[in-house]
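An overview of the molecular structure
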Amino acid sequence: MTDVTDGVLHTLFRSDQGGHEQVVLCQDRATGLKAVIAIHSTALGPALGGTRFYPYASEEAAVADALNLARGMSYKNAMAGLDHGGGKAVIIGDPERIKTEELLLAYGRFVASLGGRYVTACDVGTYVADMDVVARACPWTTGRSPENGGAGDSSVLTAYGVFQGMRASAQHLWGDPTLRGRKVGVAGVGKVGHYLVGHLLEDGADVVITDVRPDAVRRVTDEHPEVTVAADTDALIRTEGLDIYAPCALGGALNDRSVPVLRATVVCGAANNQLAHPGVEKDLADRGILYAPDYVVNAGGVIQVADELHGFDFDRCKAKASKIFDTTLAIFARAKDDGIPPAAAADRIAEQRMAEARTPALPGEASQL
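Residues numbered from 1 in each chain as written. Predicted model: local features only at pLDDT ≥ 70, side-chain atom pairs only at ≥ 80, totals over all residues. Heavy atoms only, no water.

On to the overall build of the protein. Of regular secondary structure, the protein possesses 16 helices and 11 strands. Sorting the 369 residues of the protein into buried and exposed places 54% on the buried side. At a minimum sequence separation of 6, the contacts of the protein that also span at least 24 residues come to 66%. Carbon and sulfur atoms provide 50% of the accessible area of the protein, an area that totals close to 15,600 Å². Taken together, the 35 basic and 47 acidic charged side chains of the protein have centroids lying 1 Å from each other. (Helix = DSSP H or I, 4+ residues; strand = E, 2+ residues; numbered from the N terminus. Buried < 20%, exposed > 50% of the residue type's maximum accessible area, 1.4 Å probe, protein only. Contact = heavy atoms within 4.5 Å. Areas by Shrake-Rupley, 256 points an atom, 1.4 Å probe, with all protein chains shown as cover. Lys, Arg positive; Asp, Glu negative; His and termini not counted. Charge placed at Lys NZ, Arg CZ, Asp CG, Glu CD.)

In structure tokens, the structure reads:
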């Protein structure tokens with residue numbers, strides 16, 4: 001057994017970051033599918049979380065990411081007030097090269113084999129059209145198109161929820177829930193980030209953006225020529241006068257290299273797993289940087305896809321996502337009262353809800369969704 005594999009198993013069975021109920025390795029050689037489905041908890045109900053399609057450096061890295069993302073979904077769903085546990089799936093490979101209808105159908109059959117313990121949706125590398133295909137093989141699929149009975153693009157409410165988290169951060173730090181006159185840096189202007197830019201500009205913010213994809217930057221600048229473009233994320237976080245940093249790409253944005261040079265006084269973004277390792281939240285606090293926990297503020301999307309399971313209503317979902325403002329303020333208050341960073345305060349609140357939860361749903365109960 002390799003050291004890397006042992007590290008993954010240690011995370012799963014023996015570390016504080018583990019405790020997952022189930023991890024499923026899936027392979028369909030005919031289509032080239034290699035996937036990992038991780039279910040962290042069903043204490044609050046069937047596990048709900050998206051499917052990430054990404055060219056991981058190794059299978060071990062894919063398993064580790066699935067474990068981390070699934071755990072994050074348990075906390076996210078708990079803090080969003082949803083009756084769902086946490087799960088996540090990853091498909092290994094470059095979606096631009098290997099994604100096919102047959103592969104997605106094979107993946108759907110694997111999800112269906114879990115009998116409702118895991119409900120899947122979109123994530124990085126997967127889209128509404130993909131979920132429409134998966135749904136043909138699996139009834140426990142959400143994030144589908146309106147034409148197929150779904151809610152459509154969940155990025156809309158994800159961005160709206162992050163915006164509410166920023167408003168709460170402004171209220172807590174500056175006494176006014178507006179971004180008017182504040183300089184906000186958005187790293188990653190893809191599915192969520194470009195919607196977030198729209199909210200920020202409408203509220204009067206001065207926006208700086210960056211993305212590794214020139215086409216994503218061009219899309220935003222064509223629509224909003226008033227935004228400023230930074231060369232890369234390193235340049236963005238060093239921007240003079242930056243008030244808020246919004247990581248909206250992949251995880252690990254807050255690390256031992258970025259935190260010491262970060263000029264913003266608030267971090268609030270859409271990316272999952274922004275803290276590269278335990279202890280970064282304290283580093284932020286020590287520098288006087290207010291961190292709005294990622295899984296709290298980016299919960300608008302999961303609120304939307306969860307609602308789809310019961311008959312989607314956009315206004316109802318937007319009202320639920322608006323409550324991210326109040327939830328974020330409550331976390332900041334708990335952090336102050338307990339003398340801990342906001343990330344630790346959010347974890348405590350989520351863990352309390354899961355600990356008090358009902359008995360996990362049986363597959364037969366889950367299948368009624």
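This is not the end of the story, as more comes after the structure.
Below, the discussion takes up the sheet that holds strand β6 (residues 183-187). Sheets are built from strands paired through backbone hydrogen bonds, the pairs being either parallel or antiparallel. Spatial ordering of the open sheet is given by β8-β7-β6-β9-β10-β11, a layout of 6 strands whose pairing is parallel. On the outer flanks of this sheet lie β8 (228-229) and β11 (290-291), each paired with one strand and no other. Across 4 bridges, β6 lies against strand β9 (residues 244-247) in parallel orientation. Residue pairing across strands places Ala-187 opposite Pro-247, the latter belonging to β9. (Pairing = 2+ DSSP bridges.)

Attention shifts here to the sheet that holds strand β5 (residues 118-122). Pairing is mixed across the open sheet formed by 5 strands, whose spatial order is β1-β2-β4-β3-β5. At either end of the open sheet lies a strand with only one pairing partner, and these are β1 (22-28) and β5. With strand direction ignored, the average angle separating the axes of adjacent strands in the sheet is 20°. Both strand β2 (residues 33-41) and strand β4 (residues 85-92) contribute to a ladder of 6 bridges, which runs antiparallel. (Axes fitted to C-alpha atoms, helices over the stretch in contact; angles between N-to-C directions.)

With that settled, the discussion passes to the packing of helix α2 (residues 59-79) against helix α15 (residues 342-355). Orientation of α2 relative to α15, taken along the N-to-C sense of each, is 80°, at an axis distance of 9 Å. The orientation of α2 with respect to α15, classified from their angle, is roughly perpendicular. The segment α2 lies against α15, with Ser-74, Tyr-75, Asn-77, Ala-78 and Met-79 engaging Ala-346, Asp-347, Ile-349, Ala-350, Glu-351, Arg-353 and Met-354. Residue composition of the contact of α2 with α15, grouped by class: 7 nonpolar, 2 polar and 3 charged. (Parallel < 35°, antiparallel > 145°, perpendicular 65-115°, else oblique. Nonpolar A, V, L, I, M, F, W, Y, C, P; charged D, E, K, R; others polar.)

A ring pair, where both rings are aromatic, is described by two values, the distance of the centres and the angle of the planes. In the structure shown here, the tally under the stated rule is 3 aromatic pairs. Judged by centre distance (5.8 Å) and plane angle (65°), the ring pair of Tyr-75 and Tyr-295 falls under edge-to-face. Taken together, the residues span a long stretch of sequence, with Tyr-75 in helix α2 and Tyr-295 in helix α11 (residues 294-297) at a distance of 220 residues. Like Tyr-295, Tyr-75 is buried. Centre to centre, the rings of Phe-312 and Phe-314 are 6.4 Å apart; their planes meet at 75°, and the pair counts as edge-to-face. The exposure class of Phe-314 is partly exposed, given its relative accessible area of 34%. One residue, Lys-318, lies across the ring of Tyr-160, its end atom 5.0 Å from the ring centre. (Phe/Tyr/Trp six-rings, centres within 6.5 Å; stacked < 30°, edge-to-face > 60°. Lys NZ or Arg CZ within 6 Å of the ring centre and 35° of its normal.)

Let us look at the environment of Ala-112. Relative to the helices and strands, Ala-112 resides in helix α4 (residues 101-112). By relative accessible area, Ala-112 is classed as partly exposed at 21%. Expressed as a C-alpha distance, the spacing of Ala-112 and Ala-135, which sit 23 residues apart in the sequence, is 9.4 Å. Apart from residues lying up to four places away in sequence, Ala-112 is in contact with Ala-137, Cys-138 and Trp-140.

On to the pattern of salt bridges. For the structure shown, the criterion picks out 18 salt bridges. Two residues, Asp-123 and Arg-52, come together in a salt bridge whose shortest N-O distance is 2.6 Å. Residue Asp-123 is located in the loop between β5 and α5 (128-135), and its partner Arg-52 is located in strand β3 (residues 47-54); the two are separated by 71 residues in the primary sequence. For Asp-123, a relative accessible area of 11% translates into the label buried. Under the relative-accessibility criterion, Arg-52 is labelled buried at 8%. (Salt bridge = Lys/Arg side-chain N within 4 Å of Asp/Glu carboxyl O.)

As a further point, take the state of the cysteines. Under the defined criterion, the tally for this structure stands at 0 disulfides. With no disulfide of its own, Cys-26 has Cys-138 as its nearest cysteine by sulfur position, at a separation of 11 Å. Among the cysteines around Cys-268, which has no disulfide bond, Cys-248 carries the closest sulfur, lying 8.5 Å off. (Disulfide = S-S within 2.5 Å.)

The buried fraction of helix α12 (residues 300-308) amounts to 9 of the 9 residues, a majority that puts the element mostly inside the structure. Looking only at α12, the buried set comprises Gly-300, Gly-301, Val-302, Ile-303, Gln-304, Val-305, Ala-306, Asp-307 and Glu-308.

Taken together, the side chains of Tyr-54, Val-124 and Leu-250 present a nonpolar region at the surface, about 210 Å² in accessible area. Within the element layout of this structure, Val-124 appears in the loop between β5 and α5. Given the relative accessible area of 32%, Val-124 is considered partly exposed. (Patch = residues over 30% accessible without salt bridge, like charges linked within 9 Å, V, L, I, M, F, W, Y side chains within 5 Å.)

This next bit is on the pairing of β2. The element β2 is largely enclosed, with a buried count of 8 among its 9 residues. Summarising the sheet, β1 and β2 pair through 7 bridges and their orientation is antiparallel. Looking across to β2, one finds that Gln-22 is bridged to Ile-39. Adjacent in sequence and paired antiparallel, β1 and β2 are bridged by 4 residues, among which Gly-32 carries a positive phi angle near 85°.

Shape is all these values report; function is a separate question.
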